[in-house]
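Examining the three-dimensional arrangement
Listed below, chain by chain, are the residues.
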Amino acid sequence: GEDVEQSLFLSVREGDSSVINCTYTDSSSTYLYWYKQEPGAGLQLLTYIFSNMDMKQDQRLTVLLNKKDKHLSLRIADTQTGDSAIYFCAEQDTGRRALTFGSGTRLQVQP
Amino acid sequence: EAGVAQSPRYKIIEKRQSVAFWCNPISGHATLYWYQQILGQGPKLLIQFQNNGVVDDSQLPKDRFSAERLKGVDSTLKIQPAKLEDSAVYLCASSLGDRDNSPLHFGNGTRLTVT
């Protein structure tokens, strides 16, 4: 079955880069997503990558995909205090198009 | 465009009571999802609708949970009777659903506390 795993916590200093990692099991996943959740809010779509790509850059965000190892990462350049949140990795099932989420990585940015 | 609307934002009930949540998806989005997010966990799919038909309800505890999307737009999720372990945030999401890349757009959720 589908399973998505993430590390629970990451702490960085303001201005540093953050790298959040994710592994998934479903080799038929076509798209992989990163969502951000701030306290008391829903999930905000950050970015996504198609499974035949290995990198995607969007302003301060860089997504790297290693399809062979089923490993996905999100790099945030010049991390700001406003980036403090929980980040969820998700894979999209080809047929149903529903998303399977990891447990989330809490990013804490220290001033 | 207006986002996914959910109500209420918060609900506190006692166990064995019933509760209902409402969701209005983004206009034109054919697919609607209900997810349950327990504190400290990622969201888990409860049910997926395509227009007014159910695509997947395999994870919905059907002895107590029900959902409908009668006219293919708004949806309601009901719990009857509630248990303590139903305390969670219930998130509604919608997507165009007509292509492989159909990102889900989420509402702010309803936080349910069962005492």
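Everything here concerns the structure above.
To start, this report covers the structure provided alongside it. (Residues numbered from 1 in each chain as written. Chains lettered and ligands numbered in written order. Predicted model: local features only at pLDDT ≥ 70, side-chain atom pairs only at ≥ 80, totals over all residues. Heavy atoms only, no water.)

Regarding the overall build of chain A
When you go through chain A residue by residue, the secondary structure sums to 0 helices and 11 strands. In terms of C-alpha radius of gyration, chain A reaches 13 Å, essentially the compact-globule figure of 13 Å for 111 residues. Across its three principal directions, the C-alpha atoms of chain A cover 45 × 30 × 20 Å. Burial statistics for chain A: of 111 residues in total, 47% are counted as buried. Of the contacts made within chain A by residues no fewer than 6 positions apart, 55% connect residues no fewer than 24 positions apart. Accessible surface, chain A: about 5,300 Å² in total, of which carbon and sulfur atoms supply 46%. (Helix = DSSP H or I, 4+ residues; strand = E, 2+ residues; numbered from the N terminus. Rg over C-alpha atoms; globule rule 2.2 N^0.38 Å. Buried < 20%, exposed > 50% of the residue type's maximum accessible area, 1.4 Å probe, protein only. Contact = heavy atoms within 4.5 Å. Areas by Shrake-Rupley, 256 points an atom, 1.4 Å probe, with all protein chains shown as cover.)

As for the interface of chain A and chain B
Opposite the 20 residues of chain A that make contact, chain B presents 23 residues. In total, chain A and chain B occlude about 1,700 Å² of area from one another, counting both sides; carbon and sulfur atoms represent 49% of this. At the junction of chain A and chain B, the tally comes to 0 salt bridges. Counting across the interface, chain A meets chain B through 6 residue pairs in polar contact (both at pLDDT 80 or more). (Buried area = accessible area lost by both parts, 1.4 Å probe. Salt bridge = Lys/Arg side-chain N within 4 Å of Asp/Glu carboxyl O. Polar contact = N/O pair within 3.5 Å; in protein donor to acceptor, adjacent residues only side chain to side chain.)

Looking at the pairing of strand E3 (residues 18-24) of chain A
Residues and elements named next belong to chain A. Side chains Ser-18, Ile-20, Cys-22 and Tyr-24 of E3 all project onto a buried face; the interleaved residues Val-19, Asn-21 and Thr-23 project onto a face where none is buried. Bridging between strand E1 (residues 4-6) and E3 involves 3 bridges; their strand directions are antiparallel. Bridge pairing in E3 links Gln-6 to Cys-22. Bridge analysis of E3 against strand E8 (residues 71-76) gives 6 bridges, and the strand direction is antiparallel. When the sheet's bridge partners are listed, Val-19 is paired in E8 with Arg-75. (Pairing = 2+ DSSP bridges.)

Side note on the packing of aromatic side chains
Counted according to the given criterion, the structure contains 13 aromatic pairs over all chains. Both rings, one in A:Tyr31 and one in A:Phe50, keep their centres 4.8 Å apart while their planes meet at 40°; by these two values the pair is tilted. Of this pair, A:Tyr31 sits in strand E4 (residues 31-37) while A:Phe50 sits in strand E5 (residues 43-50), and the two are 19 residues apart along the sequence. Look at B:Tyr35 and B:Phe106: their rings are 5.7 Å apart centre to centre, the planes differ by 55°, and that puts the pair in the tilted class. Taken as a pair, B:Tyr35 in strand E4 (residues 31-37) and B:Phe106 in strand E10 (residues 105-106) lie far apart in primary sequence, 71 residues in all. Grouping residues by exposure puts B:Tyr35 and B:Phe106 together as buried. (Phe/Tyr/Trp six-rings, centres within 6.5 Å; stacked < 30°, edge-to-face > 60°.)

Points about the pairing of strand E11 (residues 105-110) of chain A
Residue and element names in this part refer to chain A. Residues Thr-105, Leu-107 and Val-109 point to one face of E11 and are all buried, whereas Arg-106, Gln-108 and Gln-110, pointing to the other face, are not buried. Sheet topology places strand E2 (residues 9-13) next to E11; 5 bridges connect them, and they run parallel. Pairing of Ser-11 across the sheet is with Gln-108, part of E11. Taken together, the 3 bridges between strand E9 (residues 85-92) and E11 define a ladder with antiparallel strand orientation.

Some details on the sheet that holds strand E6 (residues 55-58) of chain A
All names here are of chain A. With antiparallel pairing, 5 strands are arranged side by side in an open sheet as E1-E3-E8-E7-E6. Across the chains shown, the open sheet's two edge strands, defined by having one partner strand only, are E1 and E6. Neighbouring strand axes in the sheet, compared pairwise and without regard to direction, differ in orientation by 15° on average. Sheet topology note: the strand E7 (residues 61-66)/E8 ladder contains 6 bridges and is antiparallel. Each residue of the ladder has a partner; that of Asn-66, found in E8, is His-71. (Axes fitted to C-alpha atoms, helices over the stretch in contact; angles between N-to-C directions.)

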